[in-house]
Amino acid sequence: MTILVTGGAGFIGSHTIVALQQAGYRVVVLDNLCNSTAAVLDAVAKITSVKPDFVQGDIRNAATLATLFDAYKITAVLHFAGLKAVGESTQKPLAYYDNNVHGSAQLFGAMQQAGVKTLVFSSSATVYGDPQHLPLAEDHPRSAANPYGHTKLVVEDMLENLYHSEAGWRMARLRYFNPVGAHPSGLIGEAPQGVPNNLMPYVAQVATGRRPKVQVYGNDYNTPDGTGVRDYIHVMDLAQGHVQALKYCLQVEQELLTVNLGTGKAYSVLDMIHAFEQASGKTIPYDLVARRPGDIAACWADTALAYQKLGWRAEKGIQEMCNDAWRWETRS
Ligand code: NAD
Ligand code: WQD
């Protein structure tokens, strides 16, 4: 079976390709390389001994999509392509709507044309907004505090509308919590351009000495140590969750499934810094500074539905997340 992976050269997509290939699927990647490089696919091939096919192109380009669906007999699509920086989305909202919403609509239209109705979509725990209660179950009310979050809400809704518009769609909307870590080989990992927005790549760059200190955004939250609490999930666990979601979709007649991919465990910013100190053997200096606007105090997943529906649960703990991220960060 051939699976189209949009955004497959990116962080989560590349790790998921490894898991897909190891589960016996053939992969074709569509990526415009706006936030990645094609060398990532060579690194994937070093891990799996199979190079995925690669089409460099944009999900917004209808002609590219039509050619691709003609050239390959695609069984299902895993849709990762999109822009993901929360801060940037407030500066460039139109770019986010264009890429994430218009791009998704183009892709789903091309799938419809080609008669491919099996889809796994990268949603985000950001759709829960500021949690009203924890852990976050899938029926928690949705809201969005920034344009990026809005694009995820819109695409979730677009899929629901599409699902009800005709029979036969098999879709999984996967809401990721905080993906971190890297493949244990150290050959692929997260490679943010410029200053990292997310905590763990920033911490990793402080550990290598590339940046002087971590700024810890807020120590006055109502959490055990006052710093923000999140559900960090190892990217290889996340990748395996996609394989399970794909298998699930392939065996149902039609369904619109929405599940959290998280660990259900909650760690603070300081917990993560200390785990990274253990992994790296380095002291990680930090300053306690003001809260980052728009941040929430705490967020973690209710994982029951993912286990019930997919038989999947995350297995790797924060030390493994940090050890693998450090191996990637210190690659030669
Ligand atoms: P990433 O930026 O590493 O990967 C996205 C890939 O998509 C990149 O390779 C980029 O070049 C490509 N891309 C972007 N726009 C494209 C377009 N128009 N056409 C073709 N390719 C395009 O991001 P990631 O962390 O791997 O995230 C993957 C998906 O998961 C995104 O949809 C993101 O919103 C979602 N997500 C990420 C996180 C996270 O914290 N990383 C959390 C929740 C959800
Ligand atoms: C984690 C914690 C920060 C950086 C974001 C998106 C979300 C999803 C995942 C895509 C928070 C603190 C951070 C730093 C810090 N992405 N922090 N110093 O904000 O939970 O989620 O990525 O869907 O939509 O919002 O992740 O890694 O930025 O922050 O103290 O330099 O680390 O305040 O408590 P976040 P993050």
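This report concerns the structure included in the present document. The structure displayed is predicted, hence computed values, not measured ones. (Residues numbered from 1 in each chain as written. Chains lettered and ligands numbered in written order. Predicted model: local features only at pLDDT ≥ 70, side-chain atom pairs only at ≥ 80, totals over all residues. Heavy atoms only, no water.)

### Quick notes on the overall build of the chain
Link 1 in the chain: Along its length, the chain carries eleven helices and 13 strands.
Link 2 in the chain: Its C-alpha atoms give the chain a radius of gyration of 19 Å, within 12% of the compact-globule value 20 Å for 332 residues.
Link 3 in the chain: The principal-axis extent of the C-alpha atoms belonging to the chain is close to 55 × 45 × 40 Å.
Link 4 in the chain: Residues classed as buried in the chain amount to 55% of the 332 residues present.
Link 5 in the chain: Sequence-distant contacts in the chain: of pairs separated by 6 or more residues, those separated by 24 or more amount to 79%. (Helix = DSSP H or I, 4+ residues; strand = E, 2+ residues; numbered from the N terminus. Rg over C-alpha atoms; globule rule 2.2 N^0.38 Å. Buried < 20%, exposed > 50% of the residue type's maximum accessible area, 1.4 Å probe, protein only. Contact = heavy atoms within 4.5 Å.)

### Overview of the site of ligand 1
Link 1 in the chain: Among the 27 residues in the neighbourhood of ligand 1, the closest are listed as D31, N35, S36, N99 and Y148.
Link 2 in the chain: For ligand 1, an oxygen atom lies 3.0 Å from a polar atom in the backbone of C34.
Link 3 in the chain: N35 places a side-chain nitrogen or oxygen 2.7 Å from an oxygen atom of ligand 1.
Link 4 in the chain: Here ligand 1 loses 96% of its free accessible area of 820 Å² to cover by the protein chains.
Link 5 in the chain: Listing elements by their share of the shell around ligand 1, those giving two or more residues are α1 (11–22), β5 (118–124) and α6 (147–165).
Link 6 in the chain: Ranked by residues supplied to the shell around ligand 1, first place goes to β5 with three residues.
Link 7 in the chain: Across the shell around ligand 1, the residue classes break down as eleven nonpolar, eleven polar and five charged. (Near = heavy atom within 4 Å. Polar contact = N/O pair within 3.5 Å; in protein donor to acceptor, adjacent residues only side chain to side chain. Areas by Shrake-Rupley, 256 points an atom, 1.4 Å probe, with all protein chains shown as cover. Nonpolar A, V, L, I, M, F, W, Y, C, P; charged D, E, K, R; others polar.)

### Some words on unusual backbone geometry
Link 1 in the chain: Residue P135 is reached from L134 by a cis peptide bond, and omega for that bond is -5°.
Link 2 in the chain: For P135, the position within the fold is in the loop between β5 and α6.
Link 3 in the chain: One non-glycine residue, L33, lies in the positive phi region at around 60°.
Link 4 in the chain: Note that L33 resides in the loop between β2 (26–31) and α2 (39–48).

### With respect to the pairing of strand β11 (residues 255–261)
Link 1 in the chain: Burial analysis of β11 places seven of its seven residues in the buried class, the great majority of the element.
Link 2 in the chain: Burial along β11 is two-sided: the residues E255, L257, V259 and L261 and L256, T258 and N260 are all buried.
Link 3 in the chain: Bridging between strand β6 (residues 170–176) and β11 involves seven bridges; their strand directions are parallel. Across the sheet, the residue bridging to L174 is V259, located in β11. (Pairing = 2+ DSSP bridges.)

### So, the site of ligand 2
Link 1 in the chain: Near ligand 2 you find 17 residues, and of these S124, Y148, Q215, R230 and D295 are the closest.
Link 2 in the chain: R230 is positioned with one of its side-chain polar atoms (N or O) 2.5 Å from an oxygen atom of ligand 2.
Link 3 in the chain: In the complex, 88% of the free accessible area of ligand 2, which totals 680 Å², lies under the protein chains.
Link 4 in the chain: It is strand β8 (residues 214–217) that provides the largest number of residues to the shell around ligand 2, a total of three residues.
Link 5 in the chain: Per-class residue counts for the shell around ligand 2 are seven nonpolar, seven polar and three charged.

### Some thoughts on helix α9 (residues 269–280)
Link 1 in the chain: Its twelve residues place the ends of α9 16 Å apart at the C-alpha level, agreeing with the 16 Å of an ideal helix rising 1.5 Å per residue.
Link 2 in the chain: Taken residue by residue, α9 has V269, L270, M272, I273, A275, F276, A279 and S280 as its buried positions.
Link 3 in the chain: Taken together, the buried residues of α9 touch α7 (199–207), β8, β10 (232–234), β12 (267–268), β13 (286–289) and α11 (318–329).
Link 4 in the chain: Two residues or fewer past α9, G281 is found with a positive phi of approximately 70°. (Expected span 1.5 Å × (residues − 1).)

### Overview of the pairing of strand β1 (residues 2–6)
Link 1 in the chain: Counting buried positions along β1 yields five of five residues, so the element is predominantly enclosed.
Link 2 in the chain: The alternating pattern of β1 places T2, L4 and T6 on one face and I3 and V5 on the opposite face, and all of these are buried.
Link 3 in the chain: The pairing of β1 with β2 spans five bridges and is classified as parallel. Counted as the bridge partner of T2 is R26 from β2.
Link 4 in the chain: Bridge analysis of β1 against strand β4 (residues 74–79) gives five bridges, and the strand direction is parallel. In the strand pairing of β4, V5 is matched with L78.

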